Every structure is written in structure tokens, then in C-alpha cells.
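The lines below spell out each chain.
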Amino acid sequence: MRDPLSDYREKRDFRATPEPAPQPVRARDSRVFVIHRHEARNLHYDLRLEHEGVLRSWAVPKGFSYDPADKRLAVRTEDHPIEYEHFHGRIPKGQYGAGTMTIWDRGHYELVKIPDWEEAIERGEIKLQLYGRRLRGEWHLVRTTQSKNSWLLFKSRDLYSGPSRDSALGIELEQAAAAPLPKDLVPMQCGATRSVFTDPNWLFEMEFAGLRCFAEKAGPRAFFRGVDSAPTALREALALLRCEQAVLDGVLVALDDQARPDREVLARALAAGDGARITYYAFDLLQWEDYDLRGLSLFDRKAALRTLVPESARLFYADHIAGSGPALLAAIAEAGFPGAIGKRGASTYQNGASPDWQRIPIGGHADVHEPAVAPQTARTAPLRVKATNLAKVYWPAEGHTKGDLLAYYQSISEVMLPYLRDRPVHLNRFPDGIDGKSFYQREAKDGTPDWVRTVPIEHDGAPVPHYVIDDLEMLLHAINLGSIDLHPWLSRVGSLDSPDWAVLDLDPKAAPFADVLRIARAAGRLLRGIGLRPLLKTSGKSGLHVFVPLQPGYSYDHARMFTEAVARVLVRELPDIATVERLPDQRDGKVYLDFLQNRRSQTIVPPYSVRPVRGASVSTPLQWDELEDSELSPRQFTIHTVPERTRQVGDLFRKALDDRQDLLPAIAALEEVLRGK
Ligand code: MN
């Protein structure tokens with residue numbers, strides 16, 4: 001009989017690779033799947049399915065998407081031994097598949113539609129039900145006519161399918177217990193009442209006058225705990241959550257004739273079985289599938305909840321405003337809400353009253369009107385920015401005007417705003433264009449319209465209001481003030497001491513761009529070699545920025561010490577062209593590797609920001625292999641070319657928001673590198 005692992009064995013030298021040498025194959029009665037993220041010469045994902053004691057494997061270069069329209073190439077590769085299920089590590093240079101292998105997802109699967117493996121392979125049609133942390137629901141593998149190893153992988157339409165994303169929830173589940181919720185779950189309650197406050201570590205939700213209850217989806221059953229008379233249409237909406245099992249916390253709400261939430265109207269509607277008026281506002285997610293999420297932070301639970309709730313006329317995700325109680329009160333004061341609830345963003349979900357929740361009543365609000373959908377109406381309201389001086393020429397050589405700049409930001413706003421949201425931002429204003437006077441501004445001055453979001457941040461012992469750009473209106477407001485580029489912090493309101501990114505700035509000043517390219521390639525190799533997945537963009541001027549998205553909890557000190565070590569390794573590798581010398585006139589025409597931006601209150605231009613330089617160039621995300629193009633010039637990316645490029649290649653920087661990485665193993669690996677040479 002043919003040994004299914006002969007290919008696997010022949011390709012590897014088990015004295016040199018840490019990969020497992022196969023034991024004799026023994027079929028088990030299980031169906032495990034594992035997905036490795038394989039940072040080899042080209043990044044790809046290896047999907048492996050257990051069958052007859054081995055792992056049948058496919059390499060998927062572009063990864064996974066929950067959008068059924070995204071059909072991804074999957075190349076069948078050699079069967080791997082079952083021991084590979086738990087393998088992760090670094091395959092050394094020169095060995096087959098050299099690079100870093102990490103476990104990206106793991107779980108079990110079932111074959112559906114064609115339950116017999118041999119028949120499914122024969123027909124070139126494998127339909128899978130996956131039960132992982134990231135991948136769930138039904139997926140198809142279909143062989144193409146091109147060659148016997150070429151398959152397409154795509155999501156079937158089901159509960160989980162939807163907008164393109166590569167994870168069911170978009171958050172890390174490492175801290176979540178794989179256990180059901182206890183039966184005696186008690187709703188979390190406010191531990192105190194206080195007057196309105198502002199605190200960047202807190203978020204603020206509206207308080208709904210209604211009936212608090214848990215909403216539960218368990219397979220085909222969907223119900224509201226303790227409310228037997230919940231209307232059918234509402235239970236049907238709950239059944240459409242993008243998962244099989246969930247427990248939500250929220251409030252049943254009914255509106256009176258003036259569209260105000262009203263408890264008595266709700267009680268009557270429930271008693272009469274009148275479902276038309278009743279809606280549910282979900283503000284927390286306690287369980288997802290087999291995971292108890294109560295130990296995760298509120299920020300993460302809400303991000304996951306937002307992903308699960310589909311568009312619906314009856315079931316809503318209750319949004320919040322981070323950092324500012326007054327901003328929320330201003331938005332809801334007219335809308336018939338009794339008050340706001342302040343919640344600590346890092347808090348876990350606890351039984352009963354907790355100081356992490358604080359009730360903030362609205363004083364003297366007897367007369368209220370307007371419907372109970374304040375956040376939605378706020379978003380669809382006409383823009384409150386009155387753009388001025390649109391014809392003013394900002395770039396004299398090219399003739400670009402302030403109007404051109406506003407039009408660019410409007411066109412790119414949807415892609416760009418996620419990199420600005422919830423971050424304090426400093427402005428650098430050029431009211432007369434790039435050749436005129438400019439001034440740097442961190443403080444939101446008197447006269448700032450009251451709809452503009454600001455957060456107070458201690459500076460020299462006094463609170464200084466900082467702008468926060470969350471939406472198109474605020475973005476255009478900042479540009480209309482004369483900003484050309486924007487300068488957000490590396491951390492967000494709610495976790496200001498914990499940066500989301502470690503950043504290395506390759507700043508050439510007078511050095512040739514070819515040197516920047518060489519250093520960036522070396523930086524990419526180094527970071528990937530220690531297990532990280534760095535991102536790259538142009539600075540918009542003459543340099544490049546390397547970003548590593550960080551898991552929550554790292555401090556600026558961590559990020560700075562790490563990037564400094566990376567910079568020093570690079571200088572040792574390329575001493576003729578790279579330096580960490582701070583004094584510009586001592587850099588000898590070398591590229592400056594700047595790691596000092598990794599500090600609280602320092603800023604970095606975000607992707608898609610225009611820069612105040614000739615040519616109106618734009619900070620533009622790049623793929624790493626674009627560095628191989630010797631013609632590459634940061635000047636080719638401008639307010640005229642970037643919108644079209646972004647439509648074509650998509651947002652290459654999106655992983656900066658959702659691929660948050662663990663620095664500790666990378667630091668250990670970097671220390672090895674430092675000691676090694
Ligand atoms: Mn591979």
C-alpha cells in the first residue's frame with residue numbers, strides 16, 4: 001500500500017527542521033481541522049483536514065473571506081502527519097517551507113452534502129462545516145478544470161456569511177473560556193449614580209426606558225429570557241444573528257405616539273401581543289457559540305456584538321460614545337432618554353452592581369420629543385461643515401486648491417476614518433497652502449462648534465481638550481480649518497497609555513530612496529523572521545513607515561524598546577546606509593531609523609493622509625513585494641492616483657486594525673538574533 005506521507009517525508013530533513021517526523025499512520029475517529037499561517041517566501045495559509053489519520057492540506061495564498069463572492073485559490077499540497085495539528089515554529093533557512101508557521105485557527109469539521117471523503121475528492125467538491133474560533137459555518141472547496149491540484153475555496157451563503165472579513169467575530173478569543181454560561185446569570189448593574197463626566201477610559205451609552213432582559217439564540221430557538229410574550233417578529237430577528245449560539249444583554253423598548261421610549265406602552269404592547277412597536281437594543285455580548293465572553297473587555301465584547309448583529313428594523317446594536325459623557329448627553333437630551341450609563345471600557349461582565357457601571361441621569365427633562373434613534377439620525381443629518389475658501393490655491397506649482405483637497409478627503413473618508421476614530425489628533429494648519437505660514441495645534445480652542453468631539457487630556461497638570469475625528473463631518477471640519485495632513489496618536493481614547501501600533505519611521509532626509517527600499521526590505525525580513533506580520537506604507541514624503549499592530553496591553557515603553565532593538569539590528573546589518581543618530585548633521589547622508597515616535601502624545605500620519613509637500617503626495621499602504629520594483633517612487637501616490645489605486649487594490653492597511661500581534665515571543669526571538677551574531 002502507498003504511504004500517504006512519502007511526499008512529506010521526502011521533502012524534509014528531520015535533523016534540520018523542527019517539524020514532526022511522521023509516526024506510523026493510525027486512523028482516529030475524529031475530524032480535526034487546523035489552519036497554519038505560513039510566513040514563508042510568500043505568505044499563505046495552509047488549511048489541513050484530518051482524514052484517515054493524516055492531514056489533507058491546501059495552501060490558500062489570499063486567506064479566507066466570509067463574502068461568498070470572494071473565491072480564493074487553494075492549491076492541494078502533500079498530506080501532513082497528524083502530529084502537525086499542534087506544530088508551530090520556525091523552519092530554518094534552506095529547509096523546505098522555510099519561515100514561520102503559526103496556528104491561525106483550529107477546531108473540528110464535518111463533511112456536508114457529500115459525506116463520503118473519497119467520493120467528494122473524486123467529484124472535486126468538498127463541502128465543509130467548520131467549527132473554529134475564526135472560521136465557522138459552511139465552506140466549499142471545488143476543484144478547477146485547470147489542474148488536479150488547483151481548487152477554489154469560498155464561503156457558502158449561511159448565517160455566518162456577510163461582508164468580507166476573515167474572522168467570525170474580529171476579536172481575539174484567547175482570554176475567553178470555552179465553557180457555557182452559568183445558569184444563575186445575574187444582569188450587571190450600575191454601582192452608583194453620578195453627574196456627567198469625561199474620562200478617556202470610559203464609554204457612554206444611552207439608558208433606555210424599557211424592559212431589561214437577556215436575549216438568547218440557541219440553534220433554531222430564539223427567545224428573551226423571562227419574557228414569554230415577546231413578539232414573533234422580534235424572535236425571528238434575533239434568530240438572524242450571525243452565529244448559532246449567543247446570549248446578549250439589552251433592553252426591550254416600545255415607543256409612544258411621540259416616538260419616545262415608554263415603559264407603559266411596552267407593558268401594554270407585550271400584554272396585547274402587539275409586536276409592531278417593540279424593538280430590542282443589545283448592548284452586550286456574554287456568550288458566542290461555546291465561548292463565555294464575560295472575561296473579555298467591554299470594548300472587545302461590543303466590537304464582537306457589532307459584527308454579529310445584521311441590519312434589522314427590530315434588533316439594534318446599541319452604540320456608544322467613547323470618552324465623553326457630555327457628548328452623549330448632548331446627542332440624546334432631546335430624544336426622550338432618562339439618562340446615560342457610563343461603563344469602564346476595560347471592564348469584564350460582572351454579576352450585579354459594579355462600580356464599573358455608573359448611571360448618569362439627565363436632570364429636569366420632563367419635555368422630551370424626537371425618536372429614540374439619536375445616533376442614527378445624527379449620522380444621516382446634513383453636514384454641519386460650511387466649507388470656506390474652496391478656490392484658494394494650496395499647491396501653487398500644480399494649481400491644486402483647498403476644494404481639491406476636501407474632495408480627496410471626502411472620496412477616501414470611508415477607508416481612512418477607521419485609522420482616525422477614537423484617537424486624539426493634533427492639527428498642523430496651512431491656511432495659505434504649502435508655501436505659507438503653518439502652525440501646530442493640539443488644543444481645541446474656544447469657538448470650537450459644540451458638535452465637534454473633543455476629549456480632555458492632562459497636559460502639564462491641566463486638562464487640554466483634543467480633537468477626535470470619528471466621522472466625515474469632523475474630518476472635513478479639520479481640513480476646512482486648513483489642515484493638510486493629520487496627526488493622530490498611536491493609542492485610542494479608552495487606552496491612551498497602550499499604543500495600537502509599534503512604528504519604525506525610515507526617514508531619508510537627503511539619502512537616496514533606493515537606500516530606504518533596501519532598509520525596508522531588511523526590516524520586513526527581520527520582522528517576519530521573528531514571527532511578526534508587519535505592515536508598510538509610504539510616509540507621503542520621501543520615507544517609509546513600518547507598522548506592527550499590537551495586542552492590547554502593551555505600553556509605549558514596550559513598543560519603543562522593541563523598535564529600538566529592531567533599528568539597532570538593521571544598523572548593524574546595513575551600517576553604510578542606516579543610522580539611529582538623532583542629530584541630523586551627524587547622519588552622514590544615511591537614512592534615519594526613528595523609533596522615538598513610540599511615545600505617549602507623539603503622533604504619526606495615518607494611511608491616506610495628504611502631505612504638505614510638492615505634488616500633493618499621499619501616505620499610501622504598500623504590499624511588501626512592491627519594494628522589489630526599483631522604479632517605485634513615493635511621489636507616484638497623490639491625491640489624483642490614490643483613490644483609484646485604493647478601489648483597485650483595496651485597503652492594504654486594514655490588518656493594522658484587526659491583526660493585533662503578540663510582542664513578547666518576538667522580543668524573545670529578537671534577543672536570540674542579537675545574541676546570535
Ligand atoms: Mn505552507
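One can find the structure itself at the top, above this paragraph.
Residues numbered from 1 in each chain as written. Predicted model: local features only at pLDDT ≥ 70, side-chain atom pairs only at ≥ 80, totals over all residues. Heavy atoms only, no water.

J.: Is there a simple way to explain the packing of aromatic side chains in this structure?
T.: Given two aromatic rings, their pairing is described by the distance between the two centres and the angle made by the two planes. What the rule picks out here adds up to 23 aromatic pairs. Ring centres of Trp501 and Phe547 lie 5.4 Å apart, and the angle between their planes is 55 degrees; this geometry places the pair in the tilted category. With Trp501 in strand E28 (residues 501–507) and Phe547 in strand E30 (residues 544–549), this pair connects stretches of sequence that are 46 residues apart. You'll find Trp501 and Phe547 in the same group, each marked buried. Feature note: the residues Tyr45, Phe64, Tyr66, Trp104 and Trp139 constitute an aromatic cluster, connected by ring pairs. The ring of Phe197 has Arg194 lying over it, and the distance from NZ or CZ to the ring centre is 3.6 Å. The side chain of Arg528 reaches across the aromatic face of Trp624, ending 5.3 Å from its centre. (Phe/Tyr/Trp six-rings, centres within 6.5 Å; stacked < 30°, edge-to-face > 60°. Helix = DSSP H or I, 4+ residues; strand = E, 2+ residues; numbered from the N terminus. Buried < 20%, exposed > 50% of the residue type's maximum accessible area, 1.4 Å probe, protein only. Lys NZ or Arg CZ within 6 Å of the ring centre and 35° of its normal.)

J.: What exactly am I supposed to notice about the coordination of the manganese ion here?
T.: When a metal carries six donors in an octahedron, the ideal angles between them are 90 or 180 degrees, while four donors in a tetrahedron ideally lie at 109.5 degrees. Around the manganese ion, the protein contributes the donor atoms His38 (ND1), His44 (NE2) and Asp46 (OD), which lie 2.2 to 2.3 Å from the metal centre. A residue is classified by how much of its surface remains accessible, and His44, at 15% relative accessible area, is buried. (Donors = N, O, S within 2.8 Å, 3.2 Å for Na, K, Ca; no water.)

J.: What is the right way to look at the pairing of strand E25 (residues 454–459) in this model?
T.: Looking down a regular strand, the side chains alternate between one sheet face and the other. As judged from the six bridges shared by E25 and strand E26 (residues 462–468), these two strands associate in the antiparallel manner. Bridge pairing in E26 links Ile457 to Val464. Linkage of E25 to E26, two consecutive antiparallel strands, is achieved through a turn of two residues, within which Asp460 is found at a positive phi near 50 degrees. (Pairing = 2+ DSSP bridges.)

J.: Looking at this model, I keep getting lost on the sheet that holds strand E19 (residues 339–344). Mind explaining?
T.: Strand order in the open sheet formed by five strands is E10-E20-E19-E11-E18, and the pairing between neighbours is mixed. The open sheet is flanked by strand E10 (188–193) and strand E18 (321–324), the only strands paired with a single partner. Ignoring which end each strand starts from, the neighbouring axes of this sheet average 45 degrees apart. In the sheet, strand E11 (residues 198–207) pairs with E18 via three bridges, with the strands oriented antiparallel. Counterpart to Phe204 in the pairing with E18 is Ile321. (Axes fitted to C-alpha atoms, helices over the stretch in contact; angles between N-to-C directions.)

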